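Remarks on the overall topology
Residue-level listing of the chains:
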Amino acid sequence: MMGLHPATRPTNNSMSDTRFRLITLDLDDTLWPLGPVIEAADTALHGWLSRHAPRLAATHDLASLRQHRRTLMQTMPEIAHDLGQIRRRSLASLLESFNYAVSLAEDGVAYFQMHRNRVAPFADVAPVLHALSRRYCLISLTNGTADPEATALRGLFHRNLTPVDAGAAKPDPALFRHALAHAGCTPREALHLGDDPWMDVEAARAAGLTAIWVNRYGRDWPRELAPPHHTVTDLNQVLDWLDGRGQVAIEEPGHAV
Ligand SMILES: [Mg+2]
């Protein structure tokens, strides 16, 4: 266990506010675009399969491999939150049905994961996270399998939590509660940043956190949800918001100090 992160202690620095001590961050489509990296990693795995399990690769394309995983998630809802395990079991089952060594699944998933971690963070991400990490405890919360420590963002997060750690994926509050426990914070002391209106914004505020919607792609906010506290299109706007604007604009009934 690491000790208390220095940034979790409020400071008198005028740049710092003492309302928040923890910032939790979604990864995919918040810190980097997800689509291209998944497509590249799936394509890389398919190439790997064509070398190591050619009969399987000749029968299954990316879409049918995806469909196989989707079906497995439906038949095994108890592990549906663990995308790494879903991928491993799906591949093992396919390898077995084509009379290849099931043990190949481990290598195949490792190969996929290596490519899955080759993310390209948006230009604002690294500079802003460096600044935030000096002032706040940063914890990543993803439903996916990317590992920030295997990316250019290594070393910036106090913890990187996935549904495997919490036993459930967002929007379940378990991941948020895990992060709060790691940082020793109350929900009121935590700010969540994420791109998904339901799994990030709505889920975070249901867990008592303040949530900022990171809308990278100019999407419309879903009509059925209450509006977010604040919306940004990049993380520099989060820095601006924390440095003054917004702190007084989010008082809500029941949230008074
Ligand atoms: Mg996301």
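Above this note sits the structure.
All figures in this text were calculated on a predicted structure; none of them were measured in a lab. Residue numbers restart at each chain and count upward from 1, following the sequence in its written direction. Residues qualify for local features only when their pLDDT is at least 70, as the model is predicted, and side-chain atom pairs are given and counted only at 80 or more; totals for whole chains, interfaces and linings, by contrast, use all residues.

What follows covers the overall build of the protein. Only DSSP runs of H or I with at least four residues qualify as helices, and only runs of E with at least two residues qualify as strands; both kinds are numbered from the N terminus onward. Of the regular secondary structure elements, the protein holds ten helices and six strands. With 257 residues in all, the protein has 35% of them scored as buried. Looking at the protein alone, contacts between residues at least 24 apart form 59% of all its contacts between residues at least 6 apart. To sort residues by burial, count the other C-beta atoms lying within 10 Å of each one's C-beta; a count of 20 or more means buried, 12 or fewer means exposed, and anything in between means partly exposed. C-beta atoms are built from the backbone. Two residues form a contact once the distance between their C-beta atoms, set from the backbone, is within 7 Å.

Here we take up the pairing of strand E5 (residues 210–214). Taken residue by residue, a regular strand's side chains alternate between the two faces of the sheet. Counting buried positions along E5 yields five of five residues, so the element is predominantly enclosed. Because side chains alternate across E5, one face comprises the buried residues Thr210, Ile212 and Val214, and the other comprises Ala211 and Trp213, equally buried. For two strands to be treated as a pair, DSSP must find at least two bridges joining them. The sheet contact formed by strand E4 (residues 190–194) and E5 spans four bridges and is parallel. In the sheet register, leucine 191 faces E5, and the bridge partner there is threonine 210. Between the parallel elements E4 and E5, the chain passes through helix H9 (residues 197–206) in a crossover that is right-handed. Relative to strand E6 (residues 230–232), E5 runs parallel, the two being bridged by three bridges. Paired with isoleucine 212 across the bridge in E6 is histidine 230. Seen with the strands pointing away from the viewer, any crossover whose path from the first strand over the helix to the second strand runs clockwise is right-handed.

Attention now goes to helix H6 (residues 125–133). Taken residue by residue, H6 has Val125, Leu129 and Leu132 as its buried positions. Take H6 and look down its axis: the buried residues cluster within an arc of 65 degrees, on one side only. Set apart from the buried face of H6 by more than 90 degrees, the exposed residues are Pro127 and His130. This arc describes the spread of directions from the helix axis toward the C-beta atoms.

We now examine the sheet that holds E6. Strand pairing in a sheet is mediated by backbone hydrogen bonds. Such pairs are either parallel or antiparallel. Taken in spatial order, the six strands make up an open sheet running E3-E2-E1-E4-E5-E6, and their pairing is parallel. The open sheet terminates on both sides in strands that have one partner only, identified here as strand E3 (159–161) and E6. Strand-to-strand, the axes of this sheet are offset by a mean angle of 25 degrees, without reference to chain direction. Sheet topology places strand E1 (residues 22–25) next to strand E2 (residues 137–141); four bridges connect them, and they run parallel. Note on geometry: axes are lines fitted to C-alpha atoms, helical ones only across the stretch in contact, with angles between N-to-C directions running from 0 to 180 degrees.

The subject of this paragraph is the environment of serine 140. With respect to the secondary-structure elements, serine 140 resides in strand E2. In contact with serine 140, other than residues within four places in its own chain, are Leu25, Leu27, Pro148, Phe157, Asn160 and Leu161.

In short, geometric facts, not functional conclusions.
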